Amino acid sequence: PVFSLVEGQALLVVQQDSTAIVRVASRDTKLQEPLNGPEKPCAGAAVGFGSLWITDCASQSLHRVDLKTGRSTAKIAVGNGGALPAVAASTDSLW
């Protein structure tokens, strides 16, 4: 895996060689329906506002993936200038 993060009662696992983001239930460790991720996930992801926000090195963009439907709902061009992007979320902001 490239990285993982906790979302509610599940662990999200992002793999570099796959656009699917694996969701593992914490109560029984069973695989849940995967999320549709970007083409080439980078090192940045955060959970906030009912979505997974994840960077895509292929398109130099930030994707918003709805946690309920598992589908990408937005793609925002941000560029990365050759650096690995990072994402953080708080209760009222996304950086």
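This report concerns the structure included in the present document. What you are looking at is a predicted structure, and each value in this text was computed from that prediction instead of being measured.

### Notes on the overall build of the protein chain
Scanning the protein chain for helices and strands turns up zero helices and eight strands. N-terminal to C-terminal, the α/β element order of the protein chain is β-β-β-β-β-β-β-β. Rg of the C-alpha trace for the protein chain: 12 Å, near the compact-globule value of 12 Å for 95 residues, within the 12% margin. Its C-alpha atoms put the protein chain at 40 × 30 × 20 Å along the principal axes. Counting over 95 residues, the protein chain shows a buried share of 36%.

### Some words on the sheet that holds strand S8 (residues 72-77)
Consider a sheet: its strands pair through backbone hydrogen bonds, and that pairing is either parallel or antiparallel. Overall, antiparallel pairing links the four strands, which are arranged S5-S6-S7-S8 in an open sheet. The strands lining the two open edges of the sheet, one partner per strand, are strand S5 (41-48) and S8. Put simply, the sheet's adjacent strands are angled 20° from each other on average, direction ignored. One ladder, built from five bridges, connects strand S7 (residues 61-66) with S8; its direction is antiparallel. Directly across from Arg64, in S8, lies its bridge partner Ala74.

### Quick word on the state of the cysteines
One pass over the full model with this rule turns up one disulfide. Note on cysteine connectivity: Cys42 is disulfide-linked to Cys57, with sulfurs 1.7 Å apart. Taken as a pair, Cys42 in strand S5 and Cys57 in the loop between strand S6 (51-56) and S7 lie far apart in primary sequence, 15 residues in all. Since its relative accessible area comes to 4%, Cys42 is described here as buried. Taking relative accessible area as the criterion, Cys57 reaches 22% and is therefore assigned partly exposed.

### Overview of the pairing of strand S3 (residues 20-25)
Two strands pair when backbone bridges link them, and strand S2 (residues 10-14) and S3 are joined in this way by five bridges, in the antiparallel orientation. Counted as the bridge partner of Leu11 is Val24 from S3. Between S2 and S3, which pair antiparallel one after the other, the connecting turn spans five residues. Pairing geometry for S3 and strand S4 (residues 31-36), over four bridges, is antiparallel. The partner of Ile21 across the bridge, within S4, is Leu35. The antiparallel hairpin formed by S3 and S4 contains five residues in its connecting segment, where Thr29 sits at a positive phi of about 55°.

Rules used throughout
Every residue gets a number counted from 1 within its own chain, in the order that chain's sequence is written. Local features in this predicted model are restricted to residues whose pLDDT is 70 or higher, and side-chain atom pairs enter the listing and the counts only when it is 80 or higher, whereas totals over whole chains, interfaces and linings include all residues. Water and hydrogen atoms play no part in the side-chain values, which are based on all heavy atoms of the structure. In DSSP terms, a helix is any run of H or I states spanning at least four residues, a strand is any run of E spanning at least two, and both are numbered starting from the N terminus. Between the two quantities, the radius of gyration covers C-alpha atoms and the globule rule is 2.2 Å times the number of residues to the power 0.38. Burial classes follow relative accessibility: with a 1.4 Å probe on protein chains only, a residue under 20% of its type's maximum area counts as buried, one over 50% as exposed, and anything between as partly exposed. Pairs of strands are assigned from DSSP output, requiring at least two bridges between the strands. Working convention: axes come from line fits to C-alpha atoms, limited for helices to the stretch in contact. Angles between N-to-C directions cover 0 to 180 degrees. A pair of cysteine sulfur atoms is labelled a disulfide when the two atoms are within 2.5 Å.

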